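Take a look at the letters that make up each chain.
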Amino acid sequence: MPVKHEMSNDVKTAEEGVMESQPHVDLHRGLKSRHITMIAIGGAIGTGLIIGTGGALAKAGPGSILISYSFVGFIVYLVMCGLGEMATWLPMPSGFTGYAARFCDPALGFAIGWTYWFKYIIVTPNQLTAGALVISFWIDTERVNAGVWITVFLVLIVSINYFGVRFFGEFEFWLSSFKVIVIIGLILLSFILMLGGGPDHDRKGFRYWKNPGAFNWYIEDSAAGRFYAFWATMVSATFAYLGTELVGVTVGEAENPRKTIPRAIKLTFYRILFFYVLSVLLVGTLVPYNSDRLLSATKKSSSAAASPFVVAIELAGIPVLPHILNACILLFVFSAANSDLYIATRTIYGLAREGKAPAIFARTDRRGVPIYALTISACFACLAYMNVSSDSQTVFKYFVDLVTIFGLLTWVSLLVTHIYFVRARKAQHVPDTDLVYKAPFGAAGSYFALAFCCLISLTKSYDVFTHNKKWGNFNYKSFITAYLGIPVYLCLIFGYKLVTRCKGVKPEEADLWSGKEEIDREEAEYLARKAMEESTHKRGNWFYETFVAWLF
């Protein structure tokens, strides 16, 4: 029988606010199963896939991007499995912060919370900038200043987040559904074009894998150069997958999280396989990496012009479709900005609930919206206005570098936390049969993913160190934005330890139980209520259950 160990008084005092019911600090569980499912899918589909693959293809070739997107996809799946095991054992409103503080070290909880918030207050203005750049596909910034579109998007996403989690969940559900339809449409179109079904009737097959080839070179024309090119695409793949883990932040507002979270995570592997791997495979058969159109497109802004799918459509001679795809990309970006602001808000809310941020950010209104957390996160979204007077492409690239390193550090922290969670379970003799969901690869999978996340973090921008006539000398600006996150992360951990004198949590003393009874009781009440509702009327959301749910 597992033994319920108590935390030390210091740690307990710091963490007891996690499940404590205080007035005006509780979130409302308003996200239904279909909301969680589609948010999980939508979080994994964004401009990184539709647009970012163009630069990766031009730099490394179709073989490299297929390998890198597949490999990083597997790493993401391992991260999600570890997160799912913890989230289903104890769905905490403080999310990542609470798990790290309870199972590993309060300092890690502090660091992961603030790192994740930094990521999302940077990626939100990044998405707002991308939205303005997408519109520039039709209306040049000289005619209408980009700041106008940034303001419109910012007002809209703040309003959607302010209206409450039910409204947000419904809005994101339909936007994410639209994303899925667009991606499926692009995959089918790419497959048809590959087989010669376009206006040019050119049956391309895998012709471009032979000429110019499956692997391009980077820095030097050699076998090493092909490896350099391949490794450079690991960063593109990482950026494309960032956001997949956001389902872990929704547990505090999910109805019956022990059912909805595993359902979303279990299918992550298949979504990655279908949406990402199949997409990059097909686009690599349609566009050669040395295509003049692709090379010129990747030098343009973050609009449809930079998408390899648009290049494929133009090469096939299909008119009008690039404009339609640009409109779809605009909705993609808007959805991403909306969910990014939501995650930023809930992250600093979780930090405040843990006592690791000012308490005012934990206060909610009568609808369960953390209004002050939303306000501070929305203020940082105004960083998007930096692009109005600066070179938008340059600032955009710096934002991408910062987001990528903060995202990787989040994955590192989640994997470390899962490893400590497994140690705590074993030390306290909690059998696997007590788990609602168990990571299929266990702690070994987390160790494997952790090693490669650390490796990618340290080598992600190796090309800033190259001394080459063609590629230039040391780029200190890119170096700072590429690696700034690492010293910030370490300073947060050791600074917190220095100030609070906290110690790491021993496996046998990790608190696996506080709040679990409340969650168990809440789950039982929810299931009883749902059973009663289903017995009285079975209409519900019949369209989704009949035509959409089986796909995912």
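Since the model is a prediction, treat every value here as computed from it, not as a measurement. (Residues numbered from 1 in each chain as written. Predicted model: local features only at pLDDT ≥ 70, side-chain atom pairs only at ≥ 80, totals over all residues. Heavy atoms only, no water.)

Q: Looking at this structure, how should I read the overall build of the chain?
A: Helices and strands together make up the secondary structure of the chain, namely 24 helices and 0 strands. Looking at the chain alone, contacts between residues at least 24 apart form 83% of all its contacts between residues at least 6 apart. Approximately 22,600 Å² of the chain is accessible, and the part contributed by carbon and sulfur atoms is 64%. (Helix = DSSP H or I, 4+ residues; strand = E, 2+ residues; numbered from the N terminus. Contact = heavy atoms within 4.5 Å. Areas by Shrake-Rupley, 256 points an atom, 1.4 Å probe, with all protein chains shown as cover.)

Q: Help me understand the side chain of K119 in this model?
A: Checked against the element boundaries, K119 lands in helix 7 (residues 106–135). On the accessibility criterion, K119 (2% relative accessible area) is buried. Side-chain polar atoms of K119 contact the side chain of Y120, separated by 3.4 Å. Among all residues touching K119, those that are not within four sequence positions of it are L242, G243, E245, V403, F406 and G407. (Buried < 20%, exposed > 50% of the residue type's maximum accessible area, 1.4 Å probe, protein only. Polar contact = N/O pair within 3.5 Å; in protein donor to acceptor, adjacent residues only side chain to side chain.)

Q: Whenever I open this one, the side chain of S291 confuses me. Can you help?
A: Note that S291 resides in the loop between helix 13 (268–286) and helix 14 (292–297). Not counting residues within four places of it along the chain, the set of residues in contact with S291 comprises V311 and L315.

Q: When you look at the confidence of the model for the chain in this model, what are you seeing that I'm missing?
A: Detailed reading of predicted coordinates is not advised where the pLDDT is low. Per-residue pLDDT for the chain averages 80, and the proportion of residues at 70 or more is 81%. Low pLDDT, under 50, characterises residues 1–23; the predicted model gives this stretch 43 contacts beyond four residues in sequence or across chains. (pLDDT = per-residue confidence, 0-100.)

Q: What's the story with helix 11 (residues 223–241) in this structure? I'm lost.
A: Note: α-helices contain 3.6 residues per turn, so residues at a spacing of three or four share the same orientation. With 19 residues, helix 11 should reach 27 Å at 1.5 Å per residue; the first-to-last C-alpha distance of 28 Å fits that figure. Just past helix 11, the residue G243 takes up positive phi, approximately 110 degrees. (Expected span 1.5 Å × (residues − 1).)

Q: I would appreciate a short explanation of the pattern of salt bridges in the present structure.
A: Pairing between side chains becomes possible if they bear opposite charge and their charged atoms approach one another. This structure, assessed with the given rule, holds 8 salt bridges. Residue D511 is joined to R102 by a salt bridge in which the shortest nitrogen-to-oxygen separation is 3.5 Å. Here the residue D511 occupies a position in the loop between helix 22 (485–500) and helix 23 (516–536), and R102 occupies one in helix 6 (residues 96–103), the gap between them amounting to 409 residues. For D511, a relative accessible area of 2% gives the class buried. Residue R102 is classed as buried on the basis of its relative accessible area, which comes to 3%. Residue D202 pairs with R207 through a salt bridge whose shortest N-O separation is 2.5 Å. For R207, a relative accessible area of 35% translates into the label partly exposed. Ionic contacts of the salt-bridge type, sharing partners, join the residues D200, D202, K204 and R207 into one network. (Salt bridge = Lys/Arg side-chain N within 4 Å of Asp/Glu carboxyl O.)

Q: Would you mind going over unusual backbone geometry with me for this structure?
A: Glycine aside, residues mostly have negative phi, and peptide bonds are mostly found in the trans state. Following N211, the chain continues to P212 via a peptide bond in cis, the omega torsion being 15 degrees. Structurally, the position occupied by P212 is in helix 10 (residues 207–213). Unlike most non-glycine residues, H201 shows phi in positive territory, near 55 degrees. One can find H201 in the loop between helix 9 (165–194) and helix 10. A residue is classified by how much of its surface remains accessible, and H201, at 63% relative accessible area, is exposed. Its identity is not glycine, yet R501 carries a phi of approximately 60 degrees, on the positive side. Here R501 lies in the loop between helix 22 and helix 23.

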